[in-house]
Amino acid sequence: MACDIKVDISQAGHLEVYEQMGVEEKMWLAALDERTRPAHAEAHRQVVPRGSPFIVDGETLEAPGIGGSPGNVINCRCTVSPVRRQRTLVPILSKGEGA
């Protein structure tokens, strides 16, 4: 149980940092191995807006370990990651440049 609380606090800290950094989207990352819950493997790489919940096994979770039933969060080894979109930079032409 103490380990689950530690994960909950860690994920909440990630979400707080993402808000401060202006991250707009977050991604669910599962620990893909033989112990991973099938629903968590299905949620792997699910992307949602930062303030929206993930949908995992029909439940809403703000991040791994945050929200949902005990069967969805206890011993969860998944994590949340920020999504950073590449922005296309358009050069600004000075007067007299270009056509």
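Being a predicted model, the structure only gives us computed values, none of them experimental. All residue numbers here refer to positions counted from 1 along the written sequence of the relevant chain. Totals for whole chains, interfaces and linings use every residue, but because this is a predicted model, local features are given only for residues with pLDDT of at least 70 and side-chain atom pairs only at 80 or more, for both listing and counting. With hydrogens and water stripped out, all remaining heavy atoms of the structure feed into the side-chain values.

(A) Region of the structure containing the state of the cysteines. Whenever a pair of cysteine sulfur atoms sits within 2.5 Å, that pair is classed as a disulfide. Under the definition given, this model contains zero disulfides. Left unpaired, cysteine 76 is separated from the closest cysteine sulfur, that of cysteine 78, by 3.8 Å. Given a relative accessible area of 5%, cysteine 76 falls into the buried group. Think of it in three bands: with a 1.4 Å probe and only protein chains considered, a residue is buried below 20% of the maximum accessible area for its type, exposed above 50%, and partly exposed in between.

(B) Layout of the pattern of salt bridges. For this analysis, a salt bridge means a side-chain nitrogen from Lys or Arg found within 4 Å of a carboxyl oxygen belonging to Asp or Glu. Taken as a whole and assessed by the stated rule, the structure comprises two salt bridges. Between glutamate 62 and lysine 26 there is a salt bridge whose closest N-O contact spans 3.6 Å. Of this pair, glutamate 62 sits in the loop between strand 4 (59-61) and helix 3 (70-73) while lysine 26 is found in strand 1 (residues 25-29), placing the two residues 36 residues apart along the sequence. Of the charged contacts in the structure, one is a salt bridge between arginine 77 and aspartate 33, with a shortest N-O distance of 2.7 Å. Of this pair, arginine 77 sits in the loop between helix 3 and strand 5 (79-83) while aspartate 33 is found in the loop between strand 1 and helix 2 (38-43), placing the two residues 44 residues apart along the sequence. A relative accessible area of 32% places arginine 77 in the partly exposed class. Under the scheme used here, helices are H or I runs from DSSP no shorter than 4 residues and strands are E runs no shorter than 2 residues, and both carry numbers assigned from the N terminus.

(C) Representation of the packing of aromatic side chains in the model. Aromatic pairing here means that ring centres of Phe, Tyr or Trp (its six-membered ring) are within 6.5 Å. Orientation follows from the plane angle: under 30 degrees is stacked, over 60 is edge-to-face, and everything else is tilted. In total, this model carries one aromatic pair according to the counting rule given. Judged by centre distance (5.3 Å) and plane angle (75°), the rings of tryptophan 28 and phenylalanine 54 are edge-to-face. In this pair, tryptophan 28 sits in strand 1 while phenylalanine 54 sits in strand 3 (residues 54-56), placing the two residues 26 residues apart along the sequence. Look at tryptophan 28 and you get buried, because its relative accessible area is 0%.

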